[in-house]
Structures are given as structure tokens and as C-alpha cells.
Amino acid sequence: MPSTFFGLEIARRGLLSSRTAMDVTAHNLANASTKGYTRQDPVFTATDPYTMPGAWQKLLPGQMGSGVEVSQIRRVRDSILDQQVRSALGEDGFWQARQDALQRVEAVFPEPSDVGLGDVIGRFFNAWHELNNSPTDPGLKAAVKELGQELALNFRHTYTQLKDIKDSLQQSIDLKVNQINAIARELAGLNREIARIVASGNQPNDLLDRRDLLLDELNGLVPVQVVVNKDETINVSLKYYDGNTEKQQSLVVYDGSYYQLKTSINNDELSLNVLDQYGSPVMDGSNPVTIPWTAGSESFKLSGSLAGVENARRRVQDYMDQLDQLAYGLAAYVNNLHHDKYDSDGKLITTGNDKGVDFFALNAPTYDPGNNTDDNSLNDSIDYKTYLQFSTDKGSEYVNYVKGYAGKIDLSDKIKSDVNNVNGTQALNIAGLRTELTMPDTAGKLTATFEAFYRGLVAGIGADAQGADHQVGTTRAVLQQLENLRQSVSGVSLDEELTRLIQFQYAFQASARLVTVLDDMLNTLINRMAI
Amino acid sequence: MRITHSMIAGRLVSAIQLNLEGLVKSQERMSTGKKVNRPSDDPSGTSQIMAVMADLSATRQYLRNIQDGLSWLNQGDATMGDATGLLHQARTLAVQGANGTLTRDDMALLAQQVDGIIDSMVNVGNASLGGKYIYAGINNNYPPFERAKSSDASGYLQIVIDGNLYKINKSVYDTSDTKKITMQTTDNNNITITLTREANKTYIEEKDKNDPTKTIRTITYYSFSGTMNLPDANNVDEQIPLAGSITIEEKPNISGGTDKTIASIDLIIFKGDSGRVQREISAGSVVDVNSNGKEVFLNQPAANEDQTKPNIFEKLYLLRDALNTGDYESVEKSLGNMDNAMNWLMEHRVAMGSRTSHLESLQSQLQDQEVRLTGVLSGLQDSDIARAAIEFQQKQLSYQAALSAGARLLQTSLLDYLR
């Protein structure tokens, strides 16, 4: 037989377990809106049953149950869903970053409208037509000059805005890398903490939530590989591509150490230098470890917003290059017709004092140091025909233009100081440039007019932006679906928790009631008997 | 599937966002009246719209060019009509002069009338349109023709060329070179008339009085006929139109030789250029809208060329001089010259007429095209307002539905039913 007070012990365990369960429920309710919170579930287990030793053993029906205990407070989480969500977060981060940037780029080009650069180019050539109708009219010359100025201003303005966007993207890359570093640092701290708590036999539920949230965030930034060890610590490594081979660089190690990244931009290509936690570069043999980032971003192999921003940054540079090409081509063609001075062999004089007046100033601008790879070109003035020849010969390798020209294009001083320097006799030829195939395609063949080239640029930006929009729509939907699935498993349902609260309350009440009944029984037994 | 409250809230937020996004897009389409508001709305549509806009702006410019070109051609036609009228008058005078019954005095009177016709012809050649002289070539801000005619003052000739008065000693200074006549002005500046054999070019050069090798200025492209023979033009590559007359008197002098003296100078100076005034009337297609004054009035066919395309001024001078000298035969020959001159003008008028009709037909084509392009542009970029309005209504409805369903669902919880 068990002892007289055995029932009281069972009731006590019931009371304690219900209390614990209600506390867990309260914790769940309190964190219903906490980001990254995983609902916790008290696991009730019957305590070890009691077998009565002794001669009377057979009189008993078997083992006696000894009540209940909360053996574990479980995190309700599906790690496979976590992986799926994280990969979706990476895709979403990439396209979101790209879409943000491209939407800003798109806003720089107010097309299709009658106020954009396309319209100004048209009006510029129309002004030359008008001048041809009265080639010596100073009023019309002034109009040509004004439109030239408007055109140059528009180019400069557009270019500067693109450059601003590019600069801000560069800053955002630095910010993102700082974020990654901060997360790596915090993850390393959590690793140490979790290892300690697990070693003491507890389950650090809320720390694990915190860690999962950080891993989500990290996956939105860069693609990472996470390995969970037996002691609940993790190893995190960054996935990247060197050429076509996928490689990994460790970021967080189970023992609490971690690595930091540092951006470096060379020849406009982004790479990440790896530092250890004390800030000294990590070496591979005698070379510091660097992670190439641009190629992987451009080929859409990498996910995460860091790659998205880098991809967008390079796109913006590409748009700037095209704008340079257009501005430089336009200035070169107009200038070379505008010169209108020929030597005795009938060749255009393009240098020296004998050459005619430049319409646009063609002085080679100095571009940002280090990035100006293409500027070996013709700094003072280039020959129209040479320009064509040049582009055709060099082909896709080398479409001739000066980087950064669109940001500095301006009328020449002579035109600015005196409208009479506008060459009316060439007006018809210059106006005719509008319909000539003047701009090279990527193969260096002249296949587009200025306006068509510009249209191509704008349509390209539009298509890029639209593509990003669609991709964001898709990744957003996928992400939402997966998030919902995850919420479905791990999220806190108020109704459910309230129901359970009531359930536990009744359990508590029942246990309490048992105490009262036993009390009554014991009262009878002890106080009312044998007196 | 287990549904949690944060899921409901999250879904509601994103549904509201989506609905609002659609609503704002429809609203934008309605308020701007355009279905493509930024390149990403429709990249290929954007490119098409921009191409049509560029076409439209070019078409409008071509229309302006044609309009302008037509007024030039019309003015050219009108002036050539005037010139033909003047030649008719000259021909009538020639008919009168050729009948052989007139006295020398009567013929001199006719000559005076022809002289007046030359003046009128200069005026015709200086016809202008909106301040532009249509026969002057590209640089057409100044009248292209000037008649430089000497008047006789005591002891010297006066001649105004290009606004400058030259007083010229009557005596001819250099006669050794038949191609060159140097006249000395009274302030000892030399004016040299040079007939350059190689190119048949003629200049008036003004030389510096201290350094005769230094040319102060040159007025090119005029010459004279009548009393001076032009140099042999057999090896001429380039024909320069010339007209005018310089009369040289020969008088015996005391020493038994002859003195050559300039009696009068009467020259037509062409100060324009041979530039062609052109208008681009469609992509790459360029049309001349003027006839060059030098070619129309001062054509100088080479010996081996068609002589029926005459130098109009020269033929008028010939007629005048023939009438002055009472040379019936030459006057009769002039009849043919006048006919040739009228035919020559007619040739130009026909050419201009065909260009005019070309421009007019192109004009109506381009006007059609403008209308069509505007239609195409509207089709490409304008939103169908009725459709946009219905879409807007639909989206508004689903937005409201999302809001009201969400609001109701969010308000409901087990808490409402627990005591």
C-alpha cells in the first residue's frame, strides 16, 4: 500500500505542472507578436510509477501512477521549413534590393513624355533644321545654342543623378557588410551562451529563437550554409562563387570565434576581404583571402540583398556608360560636322589652330581614379570618320567613348561667348544626323540613331525594372506562403492559447479539489475517529 | 492548416497593400490619361511611344521645312515671272530697233529704255523673302546684285562699288597686258581689273597705295562685255558669269601714238555665293528651294557648251550697246538672245514648278502621316478611360472587401466569449 499522504503528493505535482503550463501559456500570449518567437509547448509526462514491494503485492492491481510533471518546454519549430524560408528570404532580398535601386533609376528618366532627354534631342535637331531655313539668323543661332545648352544640362543632370544613385548603392553595400559583421559577432556570442546552457542540461529556447531570427536576417543579406552541432552550437559559412565553382568561407565557428568582412572595390568590381575577429586579414598561404562578389551577383548566382545591391550598382554603371556613349557620340558627330574646315586634300582639319569651331567642348573629363579604364582616347577632338572607323574596328571590345563625359558635357567656350560662331552653313548636315545610323551596337556596328540608342537605353531600364518588379512579386508570394507555413507551425494562436489556459486552469482546479478531498478524508481519519 | 492571429494580421496587411497598389495604378491611369507612365509599365511600349514621338516631332519639323521651302519656291517663281516680263519688254524694244527705219537718236532712246530694264533686272535679282535674298545663296542677308555704274565728273569717273565711292582717273595705265586693266583712283589707289585666263575669273582688286603688291580687298566675279573682248575661253574649266561693259576710247596723241582712256564703266557685281539653299523634307531627302542668282542671271556657257543658256545681263548689255551704236544686225541677233533668255528662265521655272508640286504632294502626305502618327501614339499611350474607370471600381470594391472582412475578423477572438 502506498502511504496515506501519497494522494497529496500527486495533487501537488498536478498543481505545480498546471502552474508551469499556465506560465508557459502566459509567455506564449505575451510574445504573440514578437518577431521570431517560437511558440512553446509544455510537455506533460507521467512521473515514474510506484511498485509496492512486500508480501501483499498481489493484492494490488499493479504499479501505482505517481502523478505528472512538465518534463520539457518544447519549441515547436520545423527546421526544414526554416531552410526553405531562408532560401526564399535570400531570393527576396536580392530582388527587393535590385527593384529598389532600379525604381530609383527609372525615376531619373521621365519617359515616355515630352520633357525627357529624348524630346530634347529631337528639339535640338529641329533647331538645326530651323537654322538651316535661315542660316545666318542670329536669333535662330541663339536658339540652337540654347538647345545645345539644354541638351548638355539634361545629360549632366541625368548623369549626376545616376551617379548619386550609384554612390548611395555603394554606401548601402558598406552598411550591409557592417550588418553582416554585427550578426556574425552576435551569433558567435550566442554560440558560447547556448553551449553553456545546454551543457548544464537546460534548453535555451529564447536564445535559440534569437539565433534563428539572426540567421533569417543573415540569409536575407548573403547566402549562407548553417550546420547545427550536437551541442546546439552552429557553424555558419558564406557561400560564394569563384568563377563557376561554389566555395565557402567560414563566418561563425562553434567555439565562439568568428570572421569579419571588409569591402574593397577595384576596377569597379566588389570583393570582400576576410578578417579574423581581431581585425587582421586572414591569409591563404601568403595571399590575403578575398571573396569575389561582382561576377556572382551579375550572373544571378548569389542570393541576398548584398548581391542585389551589387548587381544594381553594376547596372547603374552600365546605364551611365551608355549615357556617356550617347553624349560623346553626339558631341563628336556634331562637332566634326560643325568644324567644316578642310585641308588642301579635302580632309577635315581636326587639330591645331586651323580647325573650325567646336560646338561642344570635347576635353577629356577626368573620371574617378582607378575606374577610368577606357580613357586612352582622343582628348582634344576626334575626327568624325575616325570615330566611325574606331568603333567599327574595335568591335564589342571597345566602343569608343570617354567615361564620365555625360557628366561634364558642355558647349565650347567659343559658342558660349558668341552665338555667331554657330555654323549655319552646316545646319542641314547636322540636322541630318538625326536620321543617320550613328551609334554602335555591342558589336561595334552602327545600327542606331541617337534617339533610337536612347530609346534602347530607356527601354532597357524599363525592362530591367519590370523584370525586378515581377521577380519581387514572385519571391514575395513564395516567401509569404512559406512564412505562413512556418507561422502555422510556430506562431502563437491566441484562441488556442486561451483554450489551453482554460484547460490548465481546470486541471489546476481539479488538483486543488483533490487536495480538498484528501484534506476532508484525512480530517475524518485523523480527527473524527477513535476519540 | 493552423491559423494564428499574426498570420491573419500579416495577410490582411499584405492584401491591403496589394489592393492599394492596384488602386493607385488605376487611379494614375485615370488621372494622367495614360496607360504607360514609366518605362517599366511597358518597356517595349515605351520604346514604341518614344519612337512615334520622335517621328512625330520630325514630321512636324519636315512640315515646317516644306512650308518654308514652298514660300521660297513661290517667291522664286514669281520673280522669274517678273524677269520674263522684263525680257519681253526688251524683246519688244529690240523688234522696234531692228526694223531699220529708226534714226540713231530714236535708237539711243530705245537703248536708254533697255538700260532701265537692266536696272529693273537687278531689282528682280535682289528679290527677298522675309529679309533673305533668295538669289544670294547661303549667306543671304545682303542683296546679291549690284550695278556699279560710273558717272562722269570733271576729269575723272566716279563709281560706287559695295558702298565705296571710287574716283578713277580716266586714263588707262597699263595696257601692255590685255588681261589686265589698271585704273588709278584719284587718291592714288589702284583698282585692277584682272581677267585671269586659267579660271576665267575676274576681280576688282583694291591695292594699297604705298605698296601696290598688297591687296586691300578683292571683289570677285564680275566682268564685262561689249567693248572689251573676253579672253579666249577654250581651256576654261570653270565658267564664271560676267556682265557689264567698260568703254575705252582711243585718241591720237601729240607724239603720234594713241592714248587709251576709260570712257565709262558699267558692271554687274554678284556678291552672293553659289551655295544652295536646301530643305530636308523627309529623312535624308533634301531639296533645293532656290535657284542660284549667278546661274540664272549670269550663266556663262563655255565655247563647247550650249550657247542657248545665256548670260541674261550680258545679252541685255549687248542689246543696249547695239541700239546705242545703231547696229541693226546685232539688234536683230538680240531678238534670238532674248528668246533664249526667256527659255532659259522657263527651264528654271519648270524645274521649280516640279519641285513645288513634289513638295506639295509630300506636304499632304506628311499631314496625313501626322494625323496617323497622332492616332498611333494615342493608341499606344492613352488609357481607355471607361475601362480604367471600371477597373478602378473593381479594385476599389476588392479593397473595401479586404478592409471590412479584415476588420471583422480581427475583432473576433475567443476572449469575447470568455467570462
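See above for the structure.
J.: Any chance you could explain the overall build of chain A here in plain terms?
T.: Each helix and strand counted, chain A has twelve helices and 14 strands in total. When each of the 531 residues of chain A is scored for burial, the buried share is 49%. In chain A, the proportion of contacts linking residues at least 24 apart, taken out of those at least 6 apart, comes to 70%. As presented, chain A carries roughly 24,300 Å² of accessible surface, and 51% of it is formed by carbon and sulfur atoms.

J.: It is not clear to me how the overall build of chain B should be interpreted in this structure. Could you clarify?
T.: Within chain B one finds seven helices and 14 strands. For chain B, buried positions account for 45% of its 419 residues. If you take every contact in chain B between residues at least 6 apart in sequence, the share linking residues at least 24 apart comes to 59%. Counting only carbon and sulfur atoms, one obtains 49% of the accessible surface of chain B, whose full area is about 20,500 Å².

J.: Whenever I open this one, the packing of helix α2 (residues 43-98) of chain B against helix α5 (residues 312-325) of chain B confuses me. Can you help?
T.: Describing two packed helices takes the angle between their axes plus the distance from one axis to the other. All names here are of chain B. Where α2 contacts α5, the two axes come as close as 11 Å, and the packing angle between them is 25°. Comparing the axis directions of α2 and α5 gives the class roughly parallel. For the crossing formed where α2 meets α5, the hand is left-handed. Packed against α2, whose contacting residues are L87, A90, A94 and G97, the element α5 presents I312, L316, L319 and L323 at the interface. When its residues are assigned to classes, the contact of α2 with α5 shows seven nonpolar, one polar and no charged.

J.: What am I meant to see in the sheet that holds strand β7 (residues 269-276) of chain A here?
T.: Remark on secondary structure: sheet strands pair via backbone hydrogen bonds, oriented parallel or antiparallel. Residue and element names in this part refer to chain A. Judged by pairing direction, the sheet is antiparallel, and its three strands sit side by side in the order β6-β7-β10 without closing on themselves. Each end of this open sheet is capped by a strand with a single partner; those strands are β6 (259-266) and β10 (290-292). Adjacent strand axes in the sheet meet at a mean angle of 30°, parallel and antiparallel pairs treated alike. In this sheet, β10 lies alongside β7 in antiparallel orientation, the contact comprising three bridges. For S271, the partnering residue across the bridge sits in β10 and is P292. On the sheet, helix α4 (residues 138-199) packs against β6 and β7 and is oriented at approximately 165° with respect to β6. Lying over the sheet, helix α7 (residues 305-339) contacts β6 and β7, oriented at roughly 145° with respect to β7.

J.: Could you clarify how one ought to interpret the packing of aromatic side chains in this entry?
T.: What characterises a pair of aromatic rings is the spacing of the ring centres plus the angle enclosed by the ring planes. Taken as a whole, this structure holds 18 aromatic pairs over all chains when the rule is applied. Ring centres 6.2 Å apart and planes at 45° place the aromatic pair A:F109 and A:Y454 in the tilted group. Here A:F109 is found in the loop between α2 (79-108) and α3 (117-133), whereas its partner A:Y454 is found in helix α11 (residues 450-490), with 345 residues between them in sequence. Each member of the pair, A:F109 together with A:Y454, is buried. Pairing A:F125 with A:F450 gives two aromatic rings, centres 6.0 Å apart and planes at 10°, and the pair type is stacked. Placement of A:F125 in helix α3 and of A:F450 in helix α11 is noted, with a sequence separation of 325 residues between them. Taken individually, A:F125 and A:F450 each receive the classification buried, so the pair is uniform in this respect. Sitting above the plane of the B:W72 ring, B:R279 keeps its charged end 5.6 Å from the centroid.

J.: When you look at the interface of chain A and chain B in this model, what are you seeing that I'm missing?
T.: Many authors give the size of an interface as the accessible area that is lost as the parts come together. With 50 residues of chain A in contact, the opposing surface of chain B contributes 46 residues. Summed over both sides, the interface between chain A and chain B buries roughly 3,900 Å², with carbon and sulfur atoms accounting for 54% of that surface. Of all residues in chain A, the largest losses of buried area upon contact with chain B belong to A:P112, A:N133 and A:R455, amounting jointly to 16% of the total for that side. Between chain A and chain B we count two salt bridges in total. Residues A:E496 and B:R2 are paired through a salt bridge, measuring 2.7 Å at the closest nitrogen-oxygen approach. Inspection of the region where chain A meets chain B yields 19 residue pairs in polar contact (both at pLDDT 80 or more). The dominant element in the side of chain A that touches chain B, judged by the number of residues it contributes, is α11(A), at 17 residues. Partitioning the side of chain A that touches chain B into residue classes produces 17 nonpolar, 21 polar and twelve charged.

J.: What am I meant to see in the pairing of β6(A) here?
T.: Successive side chains on a regular strand alternate, one facing one side of the sheet and the next facing the other. Residue and element names in this part refer to chain A. Here β6 runs beside β7; their pairing, made up of eight bridges, is antiparallel. For Y259, the partnering residue across the bridge sits in β7 and is D276. Two successive antiparallel strands, β6 and β7, enclose a turn made up of two residues, where N267 displays a positive phi of approximately 50°.

J.: Whenever I open this one, the pattern of salt bridges confuses me. Can you help?
T.: One side chain can pair with another of opposite charge once the charged atoms of both are near each other. Residues and elements named next belong to chain A. As enumerated under the stated definition, the model contains 48 salt bridges over all chains in all. Salt-bridge contacts for R500 lead to D41; the nearest nitrogen and oxygen are separated by 2.6 Å. Pair noted here: R500 is in helix α12 (residues 494-528) and D41 is in strand β1 (residues 40-46), with a separation of 459 residues, a long-range link. Since its relative accessible area comes to 14%, D41 is described here as buried. Across the salt bridge formed by D216 and R86, the nearest N and O atoms sit 2.9 Å from each other. Here D216 is found in helix α5 (residues 205-221), whereas its partner R86 is found in helix α2, with 130 residues between them in sequence. The same class applies to D216 and to R86, which are both buried. One network of salt bridges, in which partners are shared, links R75, R77, D82, R86, D209, D212, D216, E483 and R486.

J.: So what exactly am I meant to see when it comes to the sheet that holds strand β3 (residues 224-228) of chain A here?
T.: Residue and element names in this part refer to chain A. Reading across the sheet, the three strands line up as β3-β4-β5 and stay open at both edges, with antiparallel pairing between neighbours. Every other strand in the sheet has two partners, leaving β3 and β5 (245-252) as the edge strands with one partner each. Taking the axes of each pair of neighbouring strands and ignoring which way they run, one obtains an average angle of 30° across the sheet. Where strand β4 (residues 234-242) and β5 come together, seven bridges link them in antiparallel fashion. Within the sheet, the bridge partner assigned to L238 lies in β5 and is Q249. Across the sheet, α4 touches β4 and β5, and the angle it forms with β5 is around 60°.

J.: Could you clarify how one ought to interpret unusual backbone geometry in this entry?
T.: As a rule of thumb, non-glycine residues mostly have phi less than zero, and peptide bonds are mostly trans rather than cis. All names here are of chain A. Each neighbour pair has its own omega, and for E111 with P112 the value is -10°, a cis peptide bond. Unusually for a residue other than glycine, N267 sits at a positive phi of about 50°. Turning to its location among the elements, N267 is positioned in the loop between β6 and β7. Even without a glycine there, the phi angle at F300 is positive, about 60°. Tracing the backbone shows F300 in the loop between α6 (294-298) and α7. Using a relative accessible area of 42% as the deciding quantity, one classes F300 as partly exposed.

What counts, and at which threshold
Residues numbered from 1 in each chain as written. Chains lettered and ligands numbered in written order. Predicted model: local features only at pLDDT ≥ 70, side-chain atom pairs only at ≥ 80, totals over all residues. Heavy atoms only, no water. Helix = DSSP H or I, 4+ residues; strand = E, 2+ residues; numbered from the N terminus. Buried < 20%, exposed > 50% of the residue type's maximum accessible area, 1.4 Å probe, protein only. Contact = heavy atoms within 4.5 Å. Areas by Shrake-Rupley, 256 points an atom, 1.4 Å probe, with all protein chains shown as cover. Axes fitted to C-alpha atoms, helices over the stretch in contact; angles between N-to-C directions. Parallel < 35°, antiparallel > 145°, perpendicular 65-115°, else oblique. Left-handed = near helix turned anticlockwise from the far one by under 90°. Nonpolar A, V, L, I, M, F, W, Y, C, P; charged D, E, K, R; others polar. Pairing = 2+ DSSP bridges. Phe/Tyr/Trp six-rings, centres within 6.5 Å; stacked < 30°, edge-to-face > 60°. Lys NZ or Arg CZ within 6 Å of the ring centre and 35° of its normal. Buried area = accessible area lost by both parts, 1.4 Å probe. Salt bridge = Lys/Arg side-chain N within 4 Å of Asp/Glu carboxyl O. Polar contact = N/O pair within 3.5 Å; in protein donor to acceptor, adjacent residues only side chain to side chain.

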